[in-house]
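Chain and residue survey
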Amino acid sequence: MDEKVIKMINEARWADGQKVWNRLEEITFDPMQCQEEFVSRLVRENAKTAFGRDHGFEHIHNLDEYRRYVRLTSYNDYPAYIERIANGERNVLTAYLTDYLSPLDGYKLLPQSRWGIQTYHDYGFSAGLFVAGNHGLLTDGMILNLVDNRIERLPSGIYKGNLLGRLLVKREFDYDQVYVIPVDVANASNRTDILYLQALFALKQRFISIAICDQHDKMIELLRYIEKHWPRLTEDIEHGNPYIKGDPERAHAIREIMEAHHIGTQMVDQLWPKLRCMMIYDVDRLSASFELLRTYCGSQMHFVFTGISSPIGTFSTTLHLDDPQTVLIPDSVFYEFKPKEANNYNLLLTLDQLEIGRSYELVVSTLSGLYRYKTQKTILVVGRYHDTPTVIADKE
């Protein structure tokens, strides 16, 4: 581990995050102007795509016309278009280069344009690192990456896999310098021993400062695995194996910690003294098990709840450390909102019409080629940041 290189990379990432934050500061003062500009550009730049021609984009000139003439859609409206993208065809749903597909609900696939991926990187990754860095948590330690990084290349040259995993392995130099689990292990699609390898590499590295989890249960699963299998893991760390060099000193330290440990109690700060921050991506799926994660971590652990997002789009982004309240992003998607109590989609609201304390289902138009898409995700408006609503996931 080269602490100087890690510090340099983290400082660069914090600077990237500051640019994102500065942009967010500006657009949240007048979100509807940003939304109108977003739709105008979306329609104009995608008028000659297959979807744009099929839906008369060339005759749409403003936001009202877009909402009037483009009907609401669901996933069933897209498989034929997505198949064309998977076969390598361009300008199908969007004019923006689309060379990636992400799974949704286990079996569906959604396209990801380069612009959509960049937005996800900005608001789902860089913004979180910026918040962590502002609290002194982006240090010279490494990053524990518990993210599904498996990527498949289709015969057409299109890639398929987890979107967050794609971001983490995109720059292999950064990955190999900063992340605990090697890229060839993290994105191996045929490994049956992935949990063992995650635990082995995690325990071997004492100097970890941040963990990234696309699902918080993965961290719990890792810690439970360590509780059960630490004797074997420690033996392998002491003597080495084909994956790691032997480290008797680290093995001795782990033995002392685990021999005194009681199942289901605090252990993270003992195994990794610098680990003080976790970036959590499944904020709309947090369950009672999250309290168990807090127990394992102890009171010194901080959490960055990165926002509400999915392969459909990036809907909100973090504002404050340890706060699940996130802010909607006016230049990420075009939002429409169905009041939760409404029986149909006849009266959809725009971002400026939301009321604090009420819940709404999201309908979005995205940078990756989904138009007026019914997400079936429900958010609860809890406040405002400047003139833009802040939300939490509504799981009731």
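Read on for an overview of the structure.

Cut-offs and rules
- For every chain, the first residue of the written sequence is number 1, and numbering continues from 1 along that sequence.
- Local features are withheld for residues below a pLDDT of 70 in this predicted model, meaning they are given only at 70 or higher, and side-chain atom pairs are given and counted only at 80 or more; totals for whole chains, interfaces and linings count all residues.
- Water and hydrogen atoms were dropped before computing side-chain values, which therefore reflect all heavy atoms in the structure.
- For helices, the fitted axis covers only the stretch in contact; all axes are lines through C-alpha atoms, and the angles between them, taken along N-to-C directions, range from 0 to 180 degrees.
- A run of DSSP states H or I qualifies as a helix once it reaches four residues; a run of E qualifies as a strand once it reaches two. Both are numbered from the N-terminal end.
- Working rule for angles: under 35 degrees goes down as roughly parallel, over 145 as roughly antiparallel, 65 to 115 as roughly perpendicular, anything else as oblique.
- Contact between two residues is taken to exist if any of their heavy atoms lie within 4.5 Å; hydrogens are not considered.
- In this classification, the charged set is Asp, Glu, Lys and Arg, the nonpolar set is Ala, Val, Leu, Ile, Met, Phe, Trp, Tyr, Cys and Pro, and all remaining amino acids, among them Gly, are polar.
- The pairing criterion is simple: DSSP has to find at least two bridges between the two strands.
- Relative accessibility decides the category of a residue: with a 1.4 Å probe and only protein chains considered, values under 20% of the type maximum give buried, values over 50% give exposed, and everything between is partly exposed.
- Pairs of N or O atoms are called polar contacts if they sit within 3.5 Å, as long as, within protein, a hydrogen donor faces a hydrogen acceptor (for residues adjacent in sequence, only side-chain-to-side-chain pairs).

Description of the packing of helix H10 (residues 194-204) against helix H11 (residues 216-239)
Contact geometry of H10 with H11 gives a least axis separation of 9 Å together with a crossing angle of 70 degrees. Between H10 and H11, the angle is such that the two are roughly perpendicular. Residues Leu195, Tyr196, Gln198, Ala199, Leu200, Ala202, Leu203 and Lys204 of H10 form the contact with H11, whose own contacting residues are Glu221, Leu222, Tyr225, Ile226, Arg232, Leu233, Asp236 and Ile237. Looking at the contact of H10 with H11, its residues break down into 11 nonpolar, one polar and four charged.

Details of the environment of Gly133
Relative to the helices and strands, Gly133 is located in helix H6 (residues 114-134). Here Gly133 is in contact with Trp14 and Leu138, once residues within four sequence places are set aside.

Some details on the sheet that holds strand E6 (residues 208-213)
Within the open sheet, the four strands sit side by side as E3-E6-E7-E8. Their pairing is parallel. Strands with a single pairing partner mark the edges of an open sheet, and in this sheet they are strand E3 (142-146) and strand E8 (302-305). Here the average twist between neighbouring strands, direction ignored, is 20 degrees. Judged from the five bridges that link them, E3 and E6 form a sheet pairing that is parallel. Residue pairing for E6: Leu146 is matched across the bridge by Cys213. Helix-sheet contacts for H6 involve E6, strand E7 (277-280) and E8, and the interaxial angle to E7 is about 155 degrees. Contacts from helix H14 (residues 289-297) reach E7 and E8 within the one sheet, and its direction differs from that of E8 by about 145 degrees.

Quick look at the environment of Tyr335
By the secondary structure assignment, Tyr335 is in strand E13 (residues 334-339). Residue Tyr335 is classed as buried on the basis of its relative accessible area, which comes to 0%. A sequence separation of 317 residues divides Tyr335 from Gln18, and the C-alpha atoms of the two residues are 25 Å apart. If sequence neighbours within four positions are ignored, Tyr335 has contacts with Gln35, Thr314, Phe315, Leu328, Ile329, Pro330, Leu349, Thr350, Leu351, Leu362, Val363 and Val364. Reaching out from Tyr335, the side chain makes a polar contact with the backbone oxygen of Phe315 at a distance of 2.5 Å. A polar side-chain atom of Tyr335 sits 2.8 Å from the main-chain amide nitrogen of Ile329.

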